[in-house]
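Architecture at a glance
Spelled out from the first residue to the last, the chains are:
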Amino acid sequence: MSVIDLPPSTTFDPALTPGASNAIHVCLKLQPQERMTLVTDRACAEIAAALRAEIERTGAEYSVFVLEDHGPRPHRDMPPEILADLAKSQVSIYAAITQTGELRTRMQMMDVINPHRIRHGHMVNINKQIMLEGMRADFTEVDRLSQKLIEWARRAKRITCKTAAGTDYVAEFSPNLKWVKTAGLISPEKWGNLPGGEIFTSPFNSNGRFVVDGVVGDYLCQKYGDIGATPLTIDIKDNRIAGLACENKELLKEFDAYCHTDENSDRVGEFAIGTNLACTRIIGHILQDEKLPGIHIAFGHPYSEHTGQPWKSTTHIDCVGRFFDIWLDDEQVMAKGKFLI
């Protein structure tokens, strides 16, 4: 039985249609005989309405859940009725604004999505600007670039990253840790963020300085946005945070606390290269900014279910920089944020 929390009368700007169409028909390839679960919130109701219109075009059965209709937020746990509905679907989208403490609820969704091999689009903190920019990418072309890059990365023993802002960071890789492509064309093997456009792994080890002059992730992104004016400098030794510095002392304090939530919260869990060519600048939203051509790393959970990393964490916070020079082993593949391949 379907649940439709979103009123049929919810209107949306037609400018959202190309991005919504990309999500449903290109990225997720929803078929008429399939079933879909859409999880949203009141803040994203307009975007959810645009997505629902494209779902209805396919003729597929679907449910729409508005999080606030299932208890006051922030939720400690994902409402069980949502997880039960999700388990019946082949395709799903989470399009909602994050709230402090709700990462756990999204991890609970993944505990359903991964074993059921659901084609899932993760649209955390989606907004209209992202729908008009990153979600309008040519995802076939993004996938082609990502495939070329991942084949190269899988052969690399190390990747060196430098920026004019002060990043000088080297990550080392192991053949036992898998590279994963999430370029927007989502398969049952791996759910993906939308907009898509990245390849990632979990590094075997890494050392150096990483200057975050773009954005930091999770709920801190909503609070601080583009931190280019007050970059966060992170010194990393043997894959863990060895030092932090930032002129914004409140950001510094919150980031430091976040990265000491559990024993692996200060550990580099993800190393990624953004490949969405429709993303041309930092906009202050992690969902799109982490797809910007360049490097981002994340401290905490290493997506061990996909990368093969043996450790886990209850936290995951992305860190995005700008205008990278990148070398795979000794061959340069990016200069000042532009791909050379």
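Everything that follows concerns the structure shown earlier in this document.
Before going into details, it helps to say that this report is about the structure given with it. The model shown is predicted, which means the values in this text are computed figures rather than measured ones. (Residues numbered from 1 in each chain as written. Predicted model: local features only at pLDDT ≥ 70, side-chain atom pairs only at ≥ 80, totals over all residues. Heavy atoms only, no water.)

A few words on the environment of Leu83. Relative to the helices and strands, Leu83 is located in helix H3 (residues 80-86). Leu83 sits in the buried class, given a relative accessible area of 19%. As for Leu83 and Gln108, which are separated by 25 residues in sequence, their C-alpha atoms are 8.1 Å apart. What Leu83 contacts, discounting residues up to four positions off in sequence, is Met78, Gln108, Met109 and Val112. (Helix = DSSP H or I, 4+ residues; strand = E, 2+ residues; numbered from the N terminus. Buried < 20%, exposed > 50% of the residue type's maximum accessible area, 1.4 Å probe, protein only. Contact = heavy atoms within 4.5 Å.)

As a further point, take the nonpolar core. In this structure, Phe255, Phe271, Ile297 and Phe299 are the most contacted members of the largest nonpolar core, which totals 43 residues. One finds Leu16, Leu38, Ala137 and Phe139 within the second-largest nonpolar core, a separate group that totals 39 residues. (Core = buried A, V, L, I, M, F, W, Y, C linked by side-chain atoms within 4.5 Å.)

Within the secondary structure layout, Glu270 lies in strand E14 (residues 268-274). An unpaired buried charge is present at Glu270: no salt bridge exists, and Lys190, the closest side chain of opposite charge, is 8.2 Å distant. (Lys, Arg positive; Asp, Glu negative; His and termini not counted. Salt bridge = Lys/Arg side-chain N within 4 Å of Asp/Glu carboxyl O.)

If you trace the backbone, Gln99 turns up in the loop between strand E3 (91-96) and helix H4 (103-116). Assessed through its relative accessible area of 27%, Gln99 is described here as partly exposed. A sequence separation of 119 residues divides Gln99 from Asp218, and the C-alpha atoms of the two residues are 8.6 Å apart. When neighbours within four sequence positions are excluded, Gln99 is seen to be in contact with Arg73 and Pro74.

Here we take up the pairing of E14. Most of E14 sits out of view: seven of its seven residues are buried. Of the pairings in the sheet, the one linking strand E9 (residues 198-201) to E14 comprises four bridges and is antiparallel in character. Bridging from a neighbouring strand, Thr201 pairs with Phe271 of E14. Two elements, E14 and strand E15 (residues 294-300), share six bridges in a ladder whose sense is antiparallel. Bridge assignment links Phe271 to a residue of E15, and that residue is Ile297. (Pairing = 2+ DSSP bridges.)

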